[in-house]
Amino acid sequence: MAKSDDMLTINATIDIPAAVLQAVVNNAKQMAGKDEKGVYRVDTHEKLCELISVFLEENNFLDYVQDINNYR
């Protein structure tokens, strides 16, 4: 995702299925691999934030929030 001057970083509390978090952890660890001591060095929190940001951008979250009908 390209960074833009009009982007803000926020902290939000959201509900996600446990399976989603487990998939992120498993895939992030697989991508990072183990270091020489056999330890995974990956920030799974940051990876989840990146994935959510990309998902929101690709699925046009701006259009979604601009539609008053989505505020039911």
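Residues numbered from 1 in each chain as written. Predicted model: local features only at pLDDT ≥ 70, side-chain atom pairs only at ≥ 80, totals over all residues. Heavy atoms only, no water.

Considerations on the overall build of the chain
Phase 1 of the analysis: From N to C terminus, the chain includes three helices and zero strands.
Phase 2 of the analysis: Of the regular secondary structure in the chain, the N- to C-terminal order runs α-α-α.
Phase 3 of the analysis: Computed over C-alpha atoms, the radius of gyration of the chain comes to 16 Å, more than 25% over the 11 Å expected from 2.2 N^0.38 for 72 residues, which places it beyond the range of a compact globule.
Phase 4 of the analysis: Judged by the C-alpha coordinates and their principal axes, the chain covers about 50 × 30 × 20 Å.
Phase 5 of the analysis: Carbon and sulfur atoms make up 54% of the accessible area of the chain, which amounts to about 6,700 Å² in all.
Phase 6 of the analysis: Positive and negative side-chain charges in the chain, numbering 7 and 12 respectively, have mean positions lying 13 Å apart. (Helix = DSSP H or I, 4+ residues; strand = E, 2+ residues; numbered from the N terminus. Rg over C-alpha atoms; globule rule 2.2 N^0.38 Å. Areas by Shrake-Rupley, 256 points an atom, 1.4 Å probe, with all protein chains shown as cover. Lys, Arg positive; Asp, Glu negative; His and termini not counted. Charge placed at Lys NZ, Arg CZ, Asp CG, Glu CD.)

Some details on helix 2 (residues 44-58)
Phase 1 of the analysis: The end-to-end C-alpha distance of helix 2 is 21 Å, a good match for the 21 Å that 15 residues give at a rise of 1.5 Å each.
Phase 2 of the analysis: Regarding helix 2, its N-cap is Asp 43, as a side-chain oxygen of that residue lies 3.2 Å from the backbone nitrogen of His 45 further along.
Phase 3 of the analysis: The first or second residue beyond helix 2 is Asn 60, which carries a positive phi of 50°. (Expected span 1.5 Å × (residues − 1). Polar contact = N/O pair within 3.5 Å; in protein donor to acceptor, adjacent residues only side chain to side chain.)

Digging into the environment of Asp 35
Phase 1 of the analysis: Within the secondary structure, Asp 35 is located in the loop between helix 1 (18-32) and helix 2.
Phase 2 of the analysis: As for Asp 35 and Phe 61, which are separated by 26 residues in sequence, their C-alpha atoms are 37 Å apart.

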